[in-house]
Amino acid sequence: MSDQRNVSVRGLTRRFGTNTVLHGLDLELEPGSFTALLGRSGSGKTTLLRTLAGLDPAPAEAAIELPDRVAAVFQEPRLLPWKRIWANVALGLPGADAKARAERALGEVGLARHLEAWPTTLSGGEAQRAALARALVREPRLLLLDEPFAALDALTRIRMHALVLDLWRAHGPTTLIVTHDVDEAVLLADRVLVLDAGRIAADIAVDMPRPRSHGDARFVALRRRLLSELGLEAEVIREAA
Amino acid sequence: MSDTHAIGARRALAPARLREVVRPSNGAGFGLSRYKRFASSIVILLLWQGASMAGLIAPRTLAAPTTIVATAWELILSGELPHNLFVSLGRVAAGLLIGVSSGVTLALIAGLSKRGEEIVDAPMQMLRTLPFLALVPLFILWFGIGEAPKIALVSLGSAFPVYLTLFAGIRGTDPKLMEAGRVFGLDRAGLIRHVVLPGALPSGLVGLRYALGSALLSLVIAEQINATAGIGFLINDARDFLRTDVIVVGLVVYALLGLLADALVRTVERRALAWRPNLIKG
Ligand SMILES: Nc1ncnc2c1ncn2[C@@H]1O[C@H](COP(=O)(O)OP(=O)(O)OP(=O)(O)O)[C@@H](O)[C@H]1O
Ligand SMILES: [Mg+2]
């Protein structure tokens, strides 16, 4: 609540050799909004997220404004195998109550029974929930999720969707989720962005009450529109649907 | 009982019978196979004893097993073996302390900074190609024939394995875990403490195991240098008096030291690497 600054990016360009991945990209995110970022493989979604997470140095010519507290969940859980789950969540937390906070966060993601477990003993879904707890325990104002559910089975993914929405409602971070899955984007986000040729090529508001259903006519229309934004031909979409 | 089963199975290879045979050899058969492993050693010992008693092996070639056991007991009671063992252990301990700590220090310097690598790694990699035992003549010139060259040799022998494995372990840190650490606010010191060093520990401990083996080998060589005490002295002294029984006792002590060193590292590993999947207790 202390820091309700917008996320604002102006003129972000990233090159790898001759390959210009981001080309003068502009991006604004409302405080507390839930945004999904779609884009073809190799379009630069991860590159954008890494810049926002501070993992890559921001180029000098870009103007980037971020809240202080940024947290990220990657496609893999990236838990330190030599620390018990609670210690992974408490990693880098200041203060004497770090363990208590970690335990509370793990309780929120339903891992209260696994506080003392070693990461290698968790299932993929459990490990990813622990990674989510590790991000949330910092009360981030910006939460970055890079395909966090891509490696999970369909059932687990559905549970994770509900969990992420619950956590987002409870904590209210500005959330940006990268996904390949158009359904996931429409199911979760208030706003869907499509990254193409180094810029935000489409910016579509999802104006549907939650919980959303795949059968909803608006859902189907939005899905079709997004697929065509991603460059899929109409007949392919019809076949897939 | 399992034995007759096994023979029966070999005679009649009917599948039904085989199944019946396999079960006992998995369960109770474990003890038997263990016993079998020692059986051949016992037979060799008995043959050795028999040959010695029959005069086929002269005592100056190799003493009889019973003589060796009796001698060992005498050496223990007279305090000669404990005293010399104590001296040898002191050399190993001093050498390991110096060797392991300098190996760790150099690995940290080279592993954690680019400049450190430039300064430390090239000479270390060059020195590594030198069989360090070949340095004995130089060491004698430098350090004389007292304790110093012996401890120096043990130090050198143990420093390299620790350096090489720990350096490789530090450099092998998973960059993805480093990124996770950075995102969650760890500074450089925090990354080293929480990510780099714990990740490098398994290979560092492999290095420690090599170091202990290498230290023991160095000890054996070092104690050939004009020692006036120690297991090596005991052996050399016995050689002058053709006491093969004492020599074998010394060799057995060296072997036991090797076993002990291995058990020590295993214990450390079990404690320090409890998070590893194969060490997690069900
Ligand atoms: N460190 C790097 N060095 C060189 N090229 C890179 C580097 N990181 C990314 N790239 C290139 O930048 C482009 C965008 O990569 P990025 O990982 O951002 O794509 P993405 O949209 O996340 O793709 P995916 O959906 O497959 O994850 C790719 O062509 C990739 O090869
Ligand atoms: Mg990506």
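Residues numbered from 1 in each chain as written. Chains lettered and ligands numbered in written order. Predicted model: local features only at pLDDT ≥ 70, side-chain atom pairs only at ≥ 80, totals over all residues. Heavy atoms only, no water.

Caption draft 1: Representation of the domain arrangement of chain A. Residues and elements named next belong to chain A. Partitioning chain A into domains gives domain 1 (34-57 + 142-241) and domain 2 (70-138). Between domain 1 and domain 2, the C-alpha centre-to-centre distance is 24 Å. Carbon and sulfur atoms supply 71% of the area buried between domain 1 and domain 2, which totals about 1400 Å² over both sides. Viewed at the interface, domain 2 and domain 1 are joined by 0 salt bridges. Between domain 1 and domain 2 we count 7 residue pairs in polar contact (both at pLDDT 80 or more) in total. Of all elements in the fold, only strand S6 (142-146) and helix H5 (154-171) reach the threshold of two or more residues within the side of domain 1 that touches domain 2. The element best represented in the side of domain 1 that touches domain 2 is H5, accounting for 6 residues. In terms of residue class, the side of domain 1 that touches domain 2 is built from 14 nonpolar, 2 polar and 2 charged. (Domains from an automatic or database assignment. Buried area = accessible area lost by both parts, 1.4 Å probe. Salt bridge = Lys/Arg side-chain N within 4 Å of Asp/Glu carboxyl O. Polar contact = N/O pair within 3.5 Å; in protein donor to acceptor, adjacent residues only side chain to side chain. Helix = DSSP H or I, 4+ residues; strand = E, 2+ residues; numbered from the N terminus. Nonpolar A, V, L, I, M, F, W, Y, C, P; charged D, E, K, R; others polar.)

Caption draft 2: Up close: the sheet that holds strand S7 (residues 174-178) of chain A. Residues and elements named next belong to chain A. Taken together, the 6 strands give an open sheet; going across it, the order is S5-S6-S7-S3-S8-S9, and neighbouring strands pair in mixed fashion. At either margin of the open sheet sits one strand with a lone partner, and together these are strand S5 (70-73) and strand S9 (199-205). Between one strand axis and the next, the sheet turns through 20° on average, direction left out of account. For strand S3 (residues 34-39) and S7, the ladder comprises 4 bridges, and the chain directions are parallel. Opposite Thr35, over in S7, you have Leu176 as the bridge partner. (Pairing = 2+ DSSP bridges. Axes fitted to C-alpha atoms, helices over the stretch in contact; angles between N-to-C directions.)

Caption draft 3: Highlighting H5(A). Residue and element names in this part refer to chain A. The terminal C-alpha atoms of H5, which comprises 18 residues, lie 26 Å apart, in line with the 26 Å expected from a rise of 1.5 Å per residue. Buried residues of H5: Thr156, Met160, His161, Leu163, Val164, Leu165, Leu167, Trp168 and His171, and no others. The N-cap residue of H5 is Asp153: its side-chain oxygen and the backbone nitrogen of Leu155 are 3.2 Å apart. Directly after H5, the chain includes Gly172, whose backbone phi takes a positive value near 65°. (Expected span 1.5 Å × (residues − 1). Buried < 20%, exposed > 50% of the residue type's maximum accessible area, 1.4 Å probe, protein only.)

Caption draft 4: How the structure looks around the layout of surface pockets. All names here are of chain B. Taken as a whole, the largest pocket holds about 330 Å³ of empty space. When residues of the lining of the largest pocket are traced back to their parent elements, those giving at least two are helix H5 (80-112), helix H10 (188-222) and helix H12 (244-272). Examining the composition of the lining of the largest pocket, we find that 7 residues originate from one element, H12, more than from any other. Looking at the lining of the largest pocket, its residues break down into 14 nonpolar, 1 polar and no charged. (1 Å grid on protein atoms, 1.4 Å probe; cavity = no way out; pocket = protein on both sides within 12 Å on 5 of 7 lines; lining within 4 Å. Points joined across faces, edges and corners; volume = space filled by probe spheres on them.)

Caption draft 5: Representation of the confidence of the model for chain B in the model. Residues and elements named next belong to chain B. The predicted model of chain B averages 87 in pLDDT, with 88% of residues at 70 or higher. Every residue in residues 1-28 scores below 50 in pLDDT, and together they form 14 contacts with partners more than four places removed in sequence or on other chains. As scored by the predictor, the complex reaches a pTM of 0.82 and an ipTM of 0.88. (pLDDT = per-residue confidence, 0-100. Contact = heavy atoms within 4.5 Å.)

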